[in-house]
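# Remarks on the overall topology
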Amino acid sequence: MASEPPLKGIKVLEFAGLAPGPFAGLMLADAGASVLRIDKPPSNAERAVPSPDLLARHKSSLVVDLKNPRGAALIKRLAKHVDVLIDPFRPGVLEKLGLGPDALLAANPRLIYGRLTGFRRDGRYANMAGHDINYLAASGVLALLGRQGEKPFPPWNILADFAGGGAMLAHGILLALLARTSSGKGQVVEANMVDGSSYLATFPRVALKTPVGNRPRGNNILDSGCPWYDTYETADGEYMSVGALEPQFFRALLKGLGLQDQEEEGWESRRHDTSLWPRLRALFTETFKRKTRAEWEAVFDGTDACCVPVLHYRELESQQPPAREGDQRAAVTLAATPLYAPADYEQGGGYAGTNLAPGDGGERLLAEWAGWERGAQYDLAEGGAAVVLREERDKSKL
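Now for a quick tour of the structure. Here, residues in each chain are numbered from 1, in the same order as that chain's written sequence. Per-residue local features are limited, in this predicted model, to residues with pLDDT of at least 70; the limit for side-chain atom pairs, both in listing and counting, is 80 or more; totals at the level of whole chains, interfaces and linings are taken over all residues. Hydrogens are left out, water is left out, and the side-chain values use all remaining heavy atoms of the structure.

Note on definitions: salt bridges are taken to be side-chain nitrogens of Lys or Arg within 4 Å of carboxyl oxygens of Asp or Glu. In this structure the tally under the stated criterion is 18 salt bridges. In this structure, D53 engages R37 in a salt bridge whose closest nitrogen and oxygen atoms are separated by 3.0 Å. Taken together, the residues D53 in the loop between α2 (44–47) and β3 (59–63) and R37 in strand β2 (residues 34–39) connect sequence positions 16 residues apart. Relative accessible area serves as the criterion here: at 5%, D53 is assigned to the buried category. Residue exposure (1.4 Å probe, protein chains only): buried if accessible area is under 20% of the type maximum, exposed if over 50%, otherwise partly exposed. The class for R37 is buried, based on a relative accessible area of 1%. Across the salt bridge formed by E233 and K289, the nearest N and O atoms sit 3.9 Å from each other. Residue E233 is found in strand β7 (residues 229–233), and its partner K289 is found in the loop between α12 (277–288) and α13 (293–300); the two are separated by 56 residues along the sequence. Looking at E233, the relative accessible area reads 30%, which means it is partly exposed. Several salt bridges share partner residues, and in doing so they unite E95, R115, R121 and E190 into one network. To qualify as a helix, a DSSP run of H or I must reach at least 4 residues; to qualify as a strand, a run of E must reach at least 2; elements of each kind are numbered from the N terminus.

Turning our attention to the sheet that holds strand β9 (residues 307–309). Strand order across the open sheet formed by three strands is β7-β8-β9, with antiparallel pairing between neighbours. Each edge of the sheet is formed by a strand with only one pairing partner; in this case those strands are β7 and β9. The mean inter-strand angle of the sheet, taken between neighbouring strand axes irrespective of direction, is 25°. When DSSP finds two or more bridges between two strands, those strands count as paired. Lines are fitted to the C-alpha atoms to define the axes, a helix being fitted only along its stretch in contact, and any angle between axes, read from their N-to-C directions, falls within 0 to 180 degrees.

Here the focus is the sheet that holds β2. Spatially, β3-β2-β1-β4-β5-β6 is the arrangement adopted by the six strands of the open sheet, whose pairing is parallel. In the strand order of this sheet, the two ends are held by β3 and β6 (187–192), each with one partner. Across the sheet, the mean angle separating the axes of adjacent strands is 20° when strand polarity is ignored. Bridge analysis of strand β4 (residues 84–87) against strand β5 (residues 112–117) gives four bridges, and the strand direction is parallel. When the bridges of β5 are listed, I86 appears paired with G114. A contact between two residues is defined here by any heavy atoms of the two lying within 4.5 Å. Running over the sheet, helix α8 (residues 193–200) touches β5 and β6 and is turned about 70° from β6. Here helix α15 (residues 362–370) sits on the sheet and contacts β1 (11–15), β2 and β3; the angle it forms with β3, its principal contact strand, is near 100°.

What follows is the structure in structure tokens.
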């Protein structure tokens, strides 16, 4: 019988941010951690619209005015009761508030202080603003992405923000928690999206010095240069993906396309001859346009041709047949200590974006984590817009 998720009992203080910081907190929350997001007091305009953070599944929120010295003091005292802190701000922001790692680790030596920046803290761009596309550019990864003769092409902010940033920070936090089991001490965990993205590109970076990737962008086997590792348009304007790298898979692809009898071309024996790639690509392009995506899917389903339809999320989330692997599940399965699953998982549902209103659930976690009660250890100020530390008489309760 499965037991509680692996991070049950771990308390995480996450300062509100966008994309990578919340994603790191989400990964910990889905694994059972109790995550409290610290929100700034909303303006009148912000009160009328939901928070832009949709990565708030399993989290709670507390509104704290960090510009108020009593609000910063509340965070410093609360940090004594937590295991992990996630700092998504540019370098120096929390230090100016007296909430940097030196101050909080002195107050709580077991604290894991996770810091996430875009550029390296010690690099030439340390004090500059940036976004996913900039971090990919600085890491060298963006130069790998794009077709021959075209400019580098940035994908959605998956690589730098989420994979190289949020997921890498969560990875570092887990390592620090593991180290704490033997040392008894916390530490600072540094992550940045330049180094995170660069690390994800370990294989292609090494491959640049080998025949696998030493040709210009868009001319290699895995970067759209190779005709049997690419996408092809079908008769209905949809696409099929082809990844027939190994000889037996390439043979199955030719069979499915009805091209196995073209012995005079010698496609199987000469497929690595790059001078023939334009002809083979043209042949694949013409052939795939003869059928719809559904017709090609029927041809290749159950084969080893490595030919699969390019699906849209609207299809994956549809309840209409055919059934797809469309519900978003936990990224990994732990048999004995599974991560939290969606509430309707058994009915075929999946994870969904979850909005968290500033202040929701925060007081409950203050009571659970530290035994604090409103009116005793803290008060709500400005009509409930901010939480500030109460000038308590019995400081032993903190």
